[in-house]
Amino acid sequence: MPRPDPRGRAGAPALSFFLLLLLLAAVPSEAADTVTVDVGAVYASNEGTSIDPALGMIRGKLRSMFNYTSYRMLDRQRRSLSVGETGEFELPDRRSMRATPLPARGEKVRLSIRISEGPRNLLTTTLGLRRGGMVLVGGPPHRSGVLILIISAE
């Protein structure tokens, strides 16, 4: 009975290991090319003293950064965007926000943001944050208060 060539057996596991490394190396770069952008629109005012239960996790941040007594979540939208792809988020009062993920390294996310009201540009900026991080943008008037945007990216 012929003896199996030991070199044949050694090559197969090495090839499998090499292919596994290639597959594992491809996963992070694919994930880094996609960013899930989450935008919440909060109405902040001095009408009452209630805080929407949906804002419980950031209640302290809202109170420390803004001088209002009432906070209510009006809307929340989420989009998965590729780097370079622009997503549009509708905001109250005929306003909109466009977000475009930009190239970033590691666990960082960079977003080009443009907030407009009809044809008028209200804000253009680039945000830099960690994946899973959040930025609060206080801004345009709304009813008898203001809108606060909660922008996060994963």
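In this numbering scheme, every chain counts its residues from 1 along its sequence in written order. Reporting of local features is limited, given that this is a predicted model, to residues whose pLDDT is at least 70; pairs of side-chain atoms are given and counted only at 80 or more, and all residues count toward the totals for whole chains, interfaces and linings. Based on all heavy atoms of the structure, the side-chain values leave hydrogens and waters out of the count.

Caption draft 1: Region of interest: the pattern of salt bridges. Any Lys or Arg side-chain nitrogen located within 4 Å of an Asp or Glu carboxyl oxygen qualifies as a salt bridge. All chains considered together, the criterion is met by seven salt bridges. Its salt-bridge partner being E154, residue R78 comes within 3.4 Å of it at the nearest N-O pair. Of this pair, R78 sits in strand β2 (residues 70-82) while E154 sits in the segment after β8 (145-153), and the two are 76 residues apart along the sequence. Each residue is placed in one exposure class: buried if its accessible area under a 1.4 Å probe, protein chains only, is under 20% of its type's maximum, exposed if it is over 50%, and partly exposed if it falls in between. Looking at R78, the relative accessible area reads 47%, which means it is partly exposed. Given the relative accessible area of 46%, E154 is considered partly exposed. With a closest N to O distance of 3.8 Å, R95 and E117 form a salt bridge. In this description a helix means any DSSP run of H or I spanning at least four residues, a strand means any run of E spanning at least two, and both kinds are numbered starting from the N terminus.

Caption draft 2: Fine view of the sheet that holds strand β7 (residues 133-142). Spatial ordering of the open sheet is given by β2-β1-β8-β7, a layout of four strands whose pairing is antiparallel. What marks the edges here is a single partner per strand, and that holds for β2 and β7. Shown here is a sheet whose adjacent strand axes are inclined to one another by a mean of 20 degrees, direction ignored. At least two DSSP bridges between two strands are needed for those strands to be called paired. Alignment of strand β1 (residues 34-45) against β2, held across twelve bridges, turns out to be antiparallel. Across the sheet, V35 pairs through a bridge with L81, a residue of β2. For helices, the axis comes from a line fit to the C-alpha atoms of the stretch in contact; other axes are also lines fit to C-alpha atoms, and the angle between any two N-to-C directions lies between 0 and 180 degrees.

What is shown is where atoms sit, not what they do.
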